[in-house]
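Each chain is listed here by its residues.
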Amino acid sequence: MKLFSRPLRPCDWTILPQCPSRPFSRPASFARHPSPSAHKWSHPPSSTTIADDEVANLASQSLHALSLADLVKHGRPPLCTEALFSSANFTLSLLPIRLAHRIQALRNLPFIVVSNPNISKIYNNYLHSLSTLLPYNAKTISTLEDEIRFTAVLADLVETHSHTIPTLARGFLECRKYINPIEVTRFLDEHLRARIGTRLIAEQHIALHISSQPHQDPESNPHPVEVDNSSSYIGVIDTALQPAAIINSCGNFVSEICELKYGVRPTWIIDGEPATTFAFVPVHLEYIITELLKNAFRATVESGRSHEPVVITIAAEPESAADMDKVLPRAESTDNPPIKPFEESAPGVTIRIRDRGGGISPEVLPNIWSYSFTTFSEDDLPGQTPGSGSMDALNAISGAGGEGSSIAGLGYGLPLGRAYAEYFGGGIAVQSLYGWGCDVYLRLKGLGRPKG
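Residues numbered from 1 in each chain as written. Predicted model: local features only at pLDDT ≥ 70, side-chain atom pairs only at ≥ 80, totals over all residues. Heavy atoms only, no water.

### Overview of the pattern of salt bridges
Two side chains carrying opposite charge are able to pair once their charged atoms lie near each other. As a reminder, the rule being used: Whenever Lys or Arg places a side-chain nitrogen within 4 Å of a carboxyl oxygen from Asp or Glu, that contact is recorded as a salt bridge. Only DSSP runs of H or I covering at least 4 residues are called helices, and only runs of E covering at least 2 are called strands; the numbering of each starts at the N terminus. Three exposure classes are used, based on accessible area relative to the maximum for each residue type with a 1.4 Å probe and protein chains only: buried under 20%, partly exposed in between, and exposed over 50%.
A full pass over the atoms with the stated rule returns 13 salt bridges. Here R107 ties to D52 by a salt bridge, and the two come within 3.4 Å at their closest N and O atoms. One end of the pair, R107, is in helix α4 (residues 81–107); the other, D52, is in helix α2 (residues 52–59), and 55 residues separate them in sequence. Overall, R107 belongs to the buried group, its relative accessible area being 12%. One network of salt bridges, with partners in common, ties together K139, D146 and R149.

### Quick word on the packing of α2 against helix α6 (residues 117–137)
Selection criterion: Under this scheme, a helix contributes an axis fitted over its contacting stretch, all axes are lines through C-alpha atoms, and angles between N-to-C directions fall in the 0 to 180 degree range. Any angle between 65 and 115 degrees counts as roughly perpendicular, while under 35 counts as roughly parallel, over 145 as roughly antiparallel, and the rest as oblique. Any two residues having at least one pair of non-hydrogen atoms within 4.5 Å are treated as being in contact.
Running from N to C, α2 and α6 point in directions that differ by 75 degrees, and their axes come no closer than 13 Å. With respect to α6, the element α2 is oriented roughly perpendicular. The residues of α6 that touch α2, namely those facing E54, V55 and L58, are L130, L134 and N137.

### Digging into the pairing of strand β8 (residues 437–444)
For the record, the criterion: For two strands to pair, DSSP has to find at least two bridges joining them.
Burial analysis of β8 places six of its eight residues in the buried class, the great majority of the element. With seven bridges joining them, strand β6 (residues 349–355) and β8 adopt antiparallel strand pairing. Counted as the bridge partner of I353 is V440 from β8. The pairing of strand β7 (residues 427–433) with β8 spans seven bridges and is antiparallel. The residue bridging G427 from the neighbouring strand is R443, located in β8. Counting the residues that bridge the hairpin from β7 to β8 gives three residues, and of these G435 lies at a positive phi of roughly 95 degrees.

Set out below in structure tokens:
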């Protein structure tokens with residue numbers, strides 16, 4: 001029959017009794033010309049109601065390419081009221097569009113996949129977060145009361161999405177029979193990278209709000225907090241981040257877990273230019289370094305060369321004299337303490353992690369950046385089988401931004417680490433000498449150093 005020559009739209013048959021006005025006497029017309037309400041059939045159940053047209057309108061708008069310069073352009077905290085409102089409205093101009101794009105992407109997944117309880121939970125979280133932002137979307141934040149309420153909404157958004165990655169991971173593990181692995185990798189790459197920006201935008205304004213409390217109305221905030229004007233932080237960005245300090249902190253953490261698992265505590269040496277500083281997001285660097293050290297330490301111990309230290313070299317790229325006069329624009333308000341201009345073409349920082357762990361076999365090397373959602377059997381999902389051999393102490397490492405320990409266990413560590421590195425123009429490259437060891441090159445493109 002010609003009627004079945006095209007795939008049928010999946011639907012939830014449990015809602016058919018509630019739709020008596022949709023007779024099946026004209027199925028061909030229904031297939032060729034689905035009405036707007038028919039699209040609702042491909043949505044998983046949700047307690048949050050947002051008009052499809054509203055989501056489609058927001059999702060049709062292009063995404064703003066976020067840069068570190070965007071996040072510091074409002075000035076150094078504490079911000080004046082005008083700058084705080086500017087930060088809030090900038091945040092509001094970005095987040096609804098970003099959330100709508102993710103909702104549309106989730107709706108485009110096969111119905112059987114998005115109906116999975118874990119993936120459906122993520123879908124509903126995005127709907128909930130968008131619904132809390134929409135009341136602000138048609139107005140400009142111009143009062144302290146609105147700004148305070150808006151910041152509370154952002155805090156709820158950050159908390160709501162704090163476990164997105166492990167929840168998505170479990171969902172795709174459970175649905176891997178129903179979706180092509182290439183499609184899953186493509187979706188996760190896009191989704192996790194988009195999530196980095198969305199979370200960073202929200203957390204940046206929350207941090208600016210907290211550090212700017214002395215500028216709020218004394219009646220609404222009778223106990224203002226002390227703000228350290230000498231701090232190198234602008235929101236969640238450390239403008240004088242020292243990679244060596246992050247490496248030592250992460251190294252201590254990973255080596256302790258390694259000692260717990262293997263009874264051996266690996267060592268490391270930092271050489272090159274350990275005093276190098278640049279502007280970057282510390283939690284992003286912590287996640288990346290943790291993942292890279294985890295792999296280097298584990299390989300070193302399991303190869304029986306734990307007596308040989310992992311060598312970590314920090315190299316700051318040379319500054320270009322031609323770019324020294326280019327600066328980022330200052331915040332418009334003159335009431336704020338001015339930020340020293342940053343170099344527009346900022347020199348990057350490269351970190352090399354060299355181990356003697358035997359390298360990566362040629363069979364494994366092409367897959368190290370894939371989301372290894374086929375590693376586990378259906379009866380051996382992380383967190384469901386205590387003492388399972390598929391999980392060990394090293395997989396208890398937490399990710400940045402509140403992520404749970406299951407990230408590493410689901411094979412998301414290295415791909416997500418690369419996503420963090422690439423988000424602001426950096427990257428990770430692996431050079432394996434099979435039978436000897438690995439060199440991993442992490443290049444970070446920060447905002448540069450403040451001048452002056």
